[in-house]
Amino acid sequence: MNHILYSYRRCPYAMRARLAIAYSQQQVSLREITLKLKPEQMIALSAKGTVPVLQSADGTVLDESLDIMVWALERCDPDGWLQGNLAEMLSLIDENDFEFKGWLDKYKYADRFPQYPAIYYRDNGEEFLTKLENRLTNSPYLSGEKISLADMAIFPFIRQFACVDKEWFEQSPYPSLKIWLSNFSDSALFRSIMKKYPTWLESKQQIIFPETQ
Ligand SMILES: N[C@@H](CCC(=O)N[C@@H](CS)C(=O)NCC(=O)O)C(=O)O
């Protein structure tokens, strides 16, 4: 049996899983889903119904994006994404996932949260941007001189935040963060994980991911 990854192209959690899988060259069968109609095979593996879900060849099921990243990196980590202060990386990722992500969603879908204007949610999200900017002023990556798990786990969410209002982001006071973001957004690795595939439920086509060059 192959490893199987249930994924959704635009989901930032699925992006971080695909980034780690592609970087570590772990070949998986990619099953692109839609959130509106989730395959029963995926729900049978993980009833919570979120993507990404990985079913590894030995039958192990991982339904947390960070666990999937670590699974891939433990198998192959040529540039040492797991090296360095792991506790600090995990704490930053935790802040991303459990504080910043909430503000991001409210900012992005502000019409669904009419208690406050969008700018209120953006202001709150900016606390995290400021924190990242301060780190990136001192070093090129979030955890120091080298790309790490923290950069790859967090970048898809900052990209989403920046995309809500690109004009605002362009003039915002985060010069180091902007360079960091555009380097990752323009990278061959990111482009390779954003390729569009037909949904698996419709096509049942086997997509081998990452594609070999
Ligand atoms: N903690 C999970 C969160 C994953 C998650 O929330 N994914 C979203 C898509 S971005 C999802 O599947 N939501 C279910 C839905 O919208 O039905 C992880 O890190 O994998």
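Because the structure is a prediction, the values reported are computed rather than measured.

What counts and how
Residues numbered from 1 in each chain as written. Predicted model: local features only at pLDDT ≥ 70, side-chain atom pairs only at ≥ 80, totals over all residues. Heavy atoms only, no water. Core = buried A, V, L, I, M, F, W, Y, C linked by side-chain atoms within 4.5 Å. Buried < 20%, exposed > 50% of the residue type's maximum accessible area, 1.4 Å probe, protein only. Helix = DSSP H or I, 4+ residues; strand = E, 2+ residues; numbered from the N terminus. Domains from an automatic or database assignment. Contact = heavy atoms within 4.5 Å. Buried area = accessible area lost by both parts, 1.4 Å probe. Salt bridge = Lys/Arg side-chain N within 4 Å of Asp/Glu carboxyl O. Polar contact = N/O pair within 3.5 Å; in protein donor to acceptor, adjacent residues only side chain to side chain.

*Asks:* Which residues make up the nonpolar core, and what are the values?
*Replies:* Leu-129, Ile-154, Ile-158, Leu-177 and Trp-180 are the most contacted members of the largest nonpolar core, which totals 54 residues. Ranked by residue count, the leading element in this core is helix H6 (residues 149-164), at 10 residues. Viewed by domain, this core spans two of them, domain 1 (3-79 + 190-209) and domain 2 (86-188), each represented by three or more residues. Those residues in contact with Trp-180, other than ones at most four positions away along the chain, are Leu-136, Pro-140, Tyr-141, Leu-142, Asp-151, Ile-154, Phe-155 and Ile-158. One finds Tyr-6, Tyr-8, Val-53 and Trp-200 within the second-largest nonpolar core, a separate group that totals 10 residues.

*Asks:* Mind laying out the domain arrangement of the protein chain, listing which residues take part and the relevant values?
*Replies:* The domain boundaries assigned to the protein chain delineate domain 1 (3-79 + 190-209) and domain 2 (86-188). Computed over C-alpha atoms only, the centres of domain 1 and domain 2 are separated by 23 Å. Taken together, the contacts link 14 residues of domain 1 with 19 residues of domain 2. Buried area between domain 1 and domain 2, summed over both chains or domains, comes out near 1400 Å², and the portion from carbon and sulfur atoms is 61%. Seen at the junction of domain 1 and domain 2, the total is one salt bridge. Its salt-bridge partner being Asp-97, residue Arg-16 comes within 2.7 Å of it at the nearest N-O pair. One can count nine residue pairs in polar contact (both at pLDDT 80 or more) joining domain 1 with domain 2. For the side of domain 1 that touches domain 2, the secondary-structure elements that each account for two or more residues are helix H1 (12-23), helix H3 (65-75) and helix H9 (188-193). Per-element tally for the side of domain 1 that touches domain 2: the top contributor is H1, with five residues.

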